[in-house]
Amino acid sequence: MSSTKKKELPVILREHAESQFADELAALAETDDRQRPPNWKLSPWAVTTYLMGGTLSNGAVIIPKYVGSRRLMEIAVATLATDRALLLLGVPGTAKTWVSEHLAAAVSGDSTLLVQGTAGTAEEAIRYGWNYAMLLAKGPSLDALVPSPVMRAMTEGRIARVEELTRIPSDVQDTLITILSEKTLPIPELNTEAQATKGFNVIATANNRDKGVNELSSALKRRFNTVVLPPPATVEEEVTIVQQRVASLGRALELPGDAPAIEEIRRIVTIFRELRDGKTEDGKMKLKSPSGTLSTAEAISVVNSGVALAAHFGDGRLKPVDVASSLTGAIIKDPVQDAIVWKEYLETVAKERDDWKALYRACRETL
Ligand SMILES: Nc1ncnc2c1ncn2[C@@H]1O[C@H](COP(=O)(O)OP(=O)(O)OP(=O)(O)O)[C@@H](O)[C@H]1O
Ligand SMILES: [Mg+2]
């Protein structure tokens, strides 16, 4: 039986940066009169503007993607224009993946050439694999070869992304050495090679906390410029990041209800920062830190879950009761130790603050 009703196309849940911000990238390309490195879509200056935000000469507004030091982004972008690859290093939730995606989108117009590093990442994920049906039928040939994202980036002159580089076993990591130093990928089965074309480079990310899992060999380290992404320097910066991300996630998920009040976000960010730093903002009281990382990314998801609760089960305005349980969930990773730390914080810090009463009570109830 055939239906006459027109089928609606499914809506993509999360668009790639290059499609989500296609208008911004087009406006930047239009006004960009600075020199572009070979095969780059934009000049390094325009790529940095795409990351940091600004208003262009034609009036187009570029929203900031990265909140923090402009200089760090300039160093990252400049590195990509050299023969060295870029390693973004930092504690969890410091926007390494986020920056890497936006850099690839702005430089190559394509952020999808991605290898996700895990303990099980094999050499084929970085070099190439085979279409076995074709290999058996025709023997080894270029047609039967399945290029990895890195190999495609080499031949197309684009940026390849390697996520969580230090989780990849060392011998597999070393596959990158020839690629980065010789700019070529030997294909011994076909007695040939794939040579990188201009515009090719690699952005890798690695987590400080994974240090020691699979350290980078010094040979590989020398092929990278490392840029360390720090946690947000001030409460204001971190509040801005959370506010921006929650607003854009709310739009993407089409959540009804209001944008959360800034005071609510500020309280959550303050709790995260104080517990992370092991002292109160004014420096007067020492605090114990919980075992989890309490990153900005987690603050974003605490606020975001709260917004969803308020939108669907409340009156649309984010209140302390909406964030209390996910806040407690984010802080208590180890049920014994962290519960003590959190309880102590609530009793000695939160309870004493004038405009924190509602949050204090809501959190106490979750314990
Ligand atoms: N300085 C910042 N500027 C803008 N956004 C930020 C910043 N810091 C964190 N974020 C936000 O935090 C979220 C998490 O970032 P991301 O996933 O890139 O972290 P990560 O460093 O890759 O973490 P992990 O080590 O866990 O992989 C993103 O939504 C990003 O927008
Ligand atoms: Mg990441």
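Residues numbered from 1 in each chain as written. Chains lettered and ligands numbered in written order. Predicted model: local features only at pLDDT ≥ 70, side-chain atom pairs only at ≥ 80, totals over all residues.

### Things to note about the overall build of the chain
Alright, step 1. Of regular secondary structure, the chain possesses 17 helices and 11 strands.
Alright, step 2. Oriented by its inertia axes, the alpha-carbon framework of the chain measures out at about 70 × 55 × 55 Å.
Alright, step 3. The burial tally for the chain puts 40% of its 367 residues in the buried class.
Alright, step 4. Across the chain, the fraction of contacts at a sequence separation of at least 24, relative to all contacts at a separation of at least 6, is 70%. (Helix = DSSP H or I, 4+ residues; strand = E, 2+ residues; numbered from the N terminus. Buried ≥ 20, exposed ≤ 12 C-beta atoms within 10 Å, placed from the backbone. Contact = placed C-beta atoms within 7 Å.)

### Points about the nonpolar core
Alright, step 1. Ranked by internal contacts, the top residues of the largest apolar core, which has 91 residues, are Leu103, Ile268 and Val303.
Alright, step 2. Of the domains in this structure, domain 1 (69-228) and domain 2 (235-366) are the two that each give at least three residues to this core.
Alright, step 3. Those residues within four positions of Val303 in sequence are excluded, and the remaining contacts are Val242, Val246, Pro260, Ile265, Ile268 and Val323. (Core = buried A, V, L, I, M, F, W, Y, C linked by C-beta atoms within 7 Å. Domains from an automatic or database assignment.)

### Focus: the domain arrangement of the chain
Alright, step 1. By domain assignment, the chain separates into domain 1 (69-228) and domain 2 (235-366).
Alright, step 2. A separation of 36 Å is found between the C-alpha centroids of domain 1 and domain 2.

### Topic: the site of ligand 1
Alright, step 1. Taken together, 19 residues sit near ligand 1, with Ala95, Lys96, Thr97, Trp98 and Ala297 positioned nearest.
Alright, step 2. For the shell around ligand 1, the elements supplying multiple residues, two or more each, are helix H5 (96-108), strand E10 (201-207), helix H12 (235-252) and helix H14 (296-313).
Alright, step 3. For the shell around ligand 1, the residue count by class is nine nonpolar, eight polar and two charged.
Alright, step 4. Lining the shell around ligand 1 are residues from two domains, each supplying at least three of them: domain 1 (69-228) and domain 2 (235-366). (Near = placed C-beta within 6 Å. Nonpolar A, V, L, I, M, F, W, Y, C, P; charged D, E, K, R; others polar.)

### Considering helix H3 (residues 44-52)
Alright, step 1. By the criterion of burial, H3 is predominantly enclosed, with seven of the nine residues buried.
Alright, step 2. Those residues of H3 that are buried are in contact with helix H2 (22-31), strand E1 (54-55), strand E2 (61-62), helix H4 (70-80) and H5.
Alright, step 3. One or two steps after H3, the chain reaches Gly53, where phi turns positive at roughly 85 degrees.

### With respect to helix H16 (residues 337-348)
Alright, step 1. Here H16 spans 17 Å end to end across 12 residues, near enough to the 16 Å set by a 1.5 Å rise per residue.
Alright, step 2. When we look at burial in H16, the residues that qualify are Trp342, Tyr345 and Leu346. All buried residues of H16 project into a common sector of 95 degrees when viewed along the axis, lining one side. The exposed residues of H16 that point more than 90 degrees off its buried face are Glu344, Glu347 and Thr348.
Alright, step 3. Packing partners of the buried residues in H16 comprise helix H13 (262-277), helix H15 (320-331) and helix H17 (357-366). (Expected span 1.5 Å × (residues − 1). Arc of directions from axis to C-beta.)

### Section: the sheet that holds strand E11 (residues 224-228)
Alright, step 1. Strand order in the open sheet formed by five strands is E4-E7-E10-E3-E11, with parallel pairing between adjacent strands. Where the open sheet ends on each side, the last strands, each with one partner, are strand E4 (114-116) and E11. Here the average twist between neighbouring strands, direction ignored, is 20 degrees.
Alright, step 2. Relative to strand E7 (residues 159-163), E4 is paired through three bridges, and the arrangement is parallel. The residue of E7 that forms the bridge with Gln116 is Glu163.
Alright, step 3. Each of strand E3 (85-90), E7, E10 and E11 is contacted by H4, which is oriented at about 165 degrees to E11, the strand it contacts most. (Pairing = 2+ DSSP bridges. Axes fitted to C-alpha atoms, helices over the stretch in contact; angles between N-to-C directions.)

### A word on the packing of H3 against H4
Alright, step 1. Contact geometry for H3 and H4: axes closest at 10 Å, N-to-C directions at 135 degrees. One element, H3, and the other, H4, form an angle in the oblique class. For the element pair H3 and H4, the recorded crossing hand is right-handed. Counted together, Pro44, Val47, Thr48, Leu51 and Met52 of H3 and Arg70, Met73, Glu74, Val77 and Ala78 of H4 form the full contact between these two elements. (Parallel < 35°, antiparallel > 145°, perpendicular 65-115°, else oblique. Left-handed = near helix turned anticlockwise from the far one by under 90°.)

### Description of the packing of H2 against H3
Alright, step 1. At a closest axis distance of 10 Å, the pairing of H2 and H3 adopts a crossing angle of 145 degrees. In this structure, the crossing between H2 and H3 has a hand that is right-handed. Contacts from Glu24, Leu25 and Leu28 of H2 reach H3 at Ala46, Thr49 and Tyr50.
Alright, step 2. Taken together, the residues of the contact of H2 with H3 break down into four nonpolar, one polar and one charged.

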